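Close look at the chain arrangement
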Amino acid sequence: MLSSFPNPVHAVIIGAGGGIGAALAARLEADPAVALVTRFTREALDLTDPASIAAATAGLASPPDLVICATGLLQGQGISPERALKDLDAKALVHSFAVNAIGPALVAQAFLPMMPRTGKTVFAALSARVGSISDNRLGGWHSYRAAKAALNQLIRTIAIEHARRWPEAVVCALHPGTVDTGLSKPFQRSATMLITPDESAALRLGVIDGLAPPQSGRLFDWQGKEVAP
């Protein structure tokens with residue numbers, strides 16, 4: 001249950017058609033501290049289309065207190081994680097950046113100005129530990145790593161600017177762990193811990209509820225521990 005927000009929460013879930021997004025929306029809809037959950041699926045909000053994002057904000061019933069961009073692309077749509085530099089493809093690299101980094105930044109650009117000026121608000125985007133440059137010991141997955149690293153930098157930069165006028169706000173990135181969804185299916189054998197979408201949603205919301213403005217701009221894992229850049 002969300003307990004750190006001062007008022008009944010209007011939560012917005014971007015990517016509510018995915019495994020983690022749907023679980024987050026379901027958890028929030030069952031939370032008595034949440035007054036309204038607005039779901040946006042890929043069909044309703046296209047991360048690669050700024051006009052689609054603007055249209056989504058225009059249709060909101062009230063200002064959002066919590067916005068979670070639960071989106072990401074690791075494989076599919078002509079993309080698969082590269083094992084070596086020779087596998088790098090320019091079009092796939094551009095598309096990975098469009099979905100994993102640029103899209104969430106455009107969502108922040110559209111939604112953050114709508115959020116209340118006083119009281120705790122949170123904008124969170126799903127990132128990944130593999131976006132940490134200091135934690136990269138295996139190489140590979142060039143596009144996904146680079147795009148998530150870019151997202152983490154964008155979150156940091158956005159948080160600094162947003163705090164100047166929204167001092168009680170939190171802007172953060174979240175590493176969900178290895179979740180049993182289509183995104184991770186081909187890579188689950190190597191996972192040290194596999195969790196369900198509902199477990200991931202519960203952990204994510206617990207982390208969000210515990211965050212405060214001094215922690216804005218950072219990346220946190222599913223246990224609430226900060227992941228080094």
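Overview of the structure. (Residues numbered from 1 in each chain as written. Predicted model: local features only at pLDDT ≥ 70, side-chain atom pairs only at ≥ 80, totals over all residues. Heavy atoms only, no water.)

Notes on the sheet that holds strand 2 (residues 34–40)
So the rule is basically this: For two strands to be treated as a pair, DSSP must find at least two bridges joining them. Under the scheme used here, helices are H or I runs from DSSP no shorter than 4 residues and strands are E runs no shorter than 2 residues, and both carry numbers assigned from the N terminus.
Strand order across the open sheet formed by six strands is 2-1-3-4-5-8, with parallel pairing between neighbours. On the outer flanks of this sheet lie strand 2 and strand 8 (219–220), each paired with one strand and no other. Taken together, the two bridges between strand 5 (residues 169–174) and strand 8 define a ladder with parallel strand orientation. Bridge pairing links Leu 174 to Phe 220 in strand 8.

Focus on the pairing of strand 5
Our working rule: We call a residue buried when its accessible area falls under 20% of the maximum for its residue type, exposed when it is over 50%, and partly exposed in between, using a 1.4 Å probe and counting protein chains only. With its strands directed away from the observer, a crossover is right-handed exactly when the path from the first strand over the helix to the second travels clockwise.
Of all six residues in strand 5, six are buried; the element is thus mostly enclosed. The pairing of strand 4 (residues 121–126) with strand 5 spans six bridges and is classified as parallel. Across the sheet, residue Thr 121 finds its bridge partner in strand 5, namely Ala 169. Traced from strand 4 through helix 4 (residues 142–163) to strand 5, the parallel crossover comes out right-handed.

Details of the environment of Cys 172
Relative to the elements of secondary structure, Cys 172 occurs in strand 5. Classification of Cys 172 by relative accessible area gives buried; the value is 0%. Placed 46 residues apart in sequence, Cys 172 and Arg 218 show a C-alpha to C-alpha distance of 5.4 Å.

Some points on the packing of helix 2 (residues 50–58) against helix 3 (residues 90–111)
Quick note on the threshold: Between N-to-C directions, angles span 0 to 180 degrees; the directions come from axes that are lines fitted to C-alpha atoms, helices contributing only their stretch in contact. The crossing is said to be left-handed when, going from far helix to near helix, the turn is anticlockwise and less than a right angle, and right-handed when the turn is clockwise. Pairs of residues are marked as contacts when any of their non-hydrogen atoms sit within 4.5 Å.
It is at 10 Å that the axes of helix 2 and helix 3 come closest, and there the two elements cross at 35°. Of the two elements, helix 2 crosses helix 3, and the hand of that crossing is right-handed. Contact residues: helix 2 offers Pro 50, Ile 53, Ala 56 and Thr 57, while helix 3 offers Gly 103, Leu 106, Val 107, Ala 110 and Phe 111.

Side note on the environment of Ala 128
Its location among the elements puts Ala 128 in the loop between strand 4 and helix 4. Owing to a relative accessible area of 6%, Ala 128 belongs among the buried residues under this scheme. Separated by 20 residues in sequence, Ala 128 and Lys 148 have C-alpha atoms that sit 6.4 Å apart. Among residues more than four places away in sequence, those in contact with Ala 128 are Tyr 144, Lys 148, Asn 152, His 175 and Leu 219.

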